[in-house]
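# Descriptive structure summary
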Amino acid sequence: MNLGVKAEFHHADTIDVSKLRQLIKDTLADPSKRLIINYTRQAIGQNGAGHVSPIGAYDAETDRALVLDVAKYKYPPVWMTLADLYRAINTIDSSSNKARGIIVVTK
């Protein structure tokens, strides 16, 4: 715990799209929680590799999550299907040699 928050990391190879969807829905429904993803830009057709950004919203009708890119000068926010999002997080992070994933931050 640091700065009064707790971080719970879920490696993508330990969850599936259904679990990812539930994590996103549950976390966004709780005002004391936030979501951060570690993903590869290449999986969504962008330049670069590993990247970290928050998830700002989920649309159940289209099954898409809003990725609020922290490099907004280069990439605007993007609505990603959960299948694409899962594909982007279910890659190996070269610095840890582990699967990327999603972090639930709780205050």
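### Let's talk about the sheet that holds strand S3 (residues 50-59)
Either a parallel or an antiparallel arrangement is found when strands of a sheet pair, and the pairing is made through backbone hydrogen bonds. Overall, antiparallel pairing links the 6 strands, which are arranged S1-S8-S2-S3-S4-S5 in an open sheet. Single-partner strands in this sheet number two, and they are strand S1 (6-11) and strand S5 (78-81). Neighbouring strand axes in the sheet, compared pairwise and without regard to direction, differ in orientation by 35 degrees on average. Relative to S3, strand S2 (residues 33-40) is paired through 6 bridges, and the arrangement is antiparallel. Within the sheet, the bridge partner assigned to Leu35 lies in S3 and is Ile55. In this fold helix H1 (residues 17-28) packs onto S1, S2, S3, strand S4 (64-67) and strand S8 (101-106), with an angle of close to 70 degrees to the strand it touches most, S3. Each of S2, S3, S4, S5 and S8 touches helix H2 (residues 82-89); the most contacted strand, S5, lies at about 90 degrees to it.

### What about the pattern of salt bridges?
Summed over the entire model, instances satisfying the criterion amount to 4 salt bridges. Between Asp69 and Arg41 there is a salt bridge whose closest N-O contact spans 2.9 Å. In this pair, Asp69 sits in the loop between S4 and S5 while Arg41 sits in the loop between S2 and S3, placing the two residues 28 residues apart along the sequence. Asp93 is the salt-bridge partner of Arg100, the closest N and O atoms lying 3.8 Å from each other. For the pair shown, Arg100 and Asp93 are each scored as buried.

### Thoughts on H2
Taken together, the buried positions of H2 are Leu82, Leu85, Tyr86, Ala88 and Ile89. Down the axis of H2, the buried side of the element spans an arc of 160 degrees, and every buried residue falls inside it.

### Here we look at the packing of H1 against H2
What describes two packed helices is the angle between their axes and the distance between those same axes. One way to put it is that H1 packs onto H2 with a least axis distance of 10 Å and a crossing angle of 105 degrees. Taken together, the axis directions place H1 and H2 in an arrangement best described as roughly perpendicular. Mapping the contact onto sequence places Val17, Leu20, Arg21 and Ile24 in H1 and Leu82, Leu85, Tyr86 and Ile89 in H2. For the contact of H1 with H2, the class distribution of residues is 7 nonpolar, no polar and 1 charged.

Reading the values: rules and limits
Residues numbered from 1 in each chain as written. Predicted model: local features only at pLDDT ≥ 70, side-chain atom pairs only at ≥ 80, totals over all residues. Heavy atoms only, no water. Pairing = 2+ DSSP bridges. Helix = DSSP H or I, 4+ residues; strand = E, 2+ residues; numbered from the N terminus. Axes fitted to C-alpha atoms, helices over the stretch in contact; angles between N-to-C directions. Contact = heavy atoms within 4.5 Å. Salt bridge = Lys/Arg side-chain N within 4 Å of Asp/Glu carboxyl O. Buried < 20%, exposed > 50% of the residue type's maximum accessible area, 1.4 Å probe, protein only. Arc of directions from axis to C-beta. Parallel < 35°, antiparallel > 145°, perpendicular 65-115°, else oblique. Nonpolar A, V, L, I, M, F, W, Y, C, P; charged D, E, K, R; others polar.

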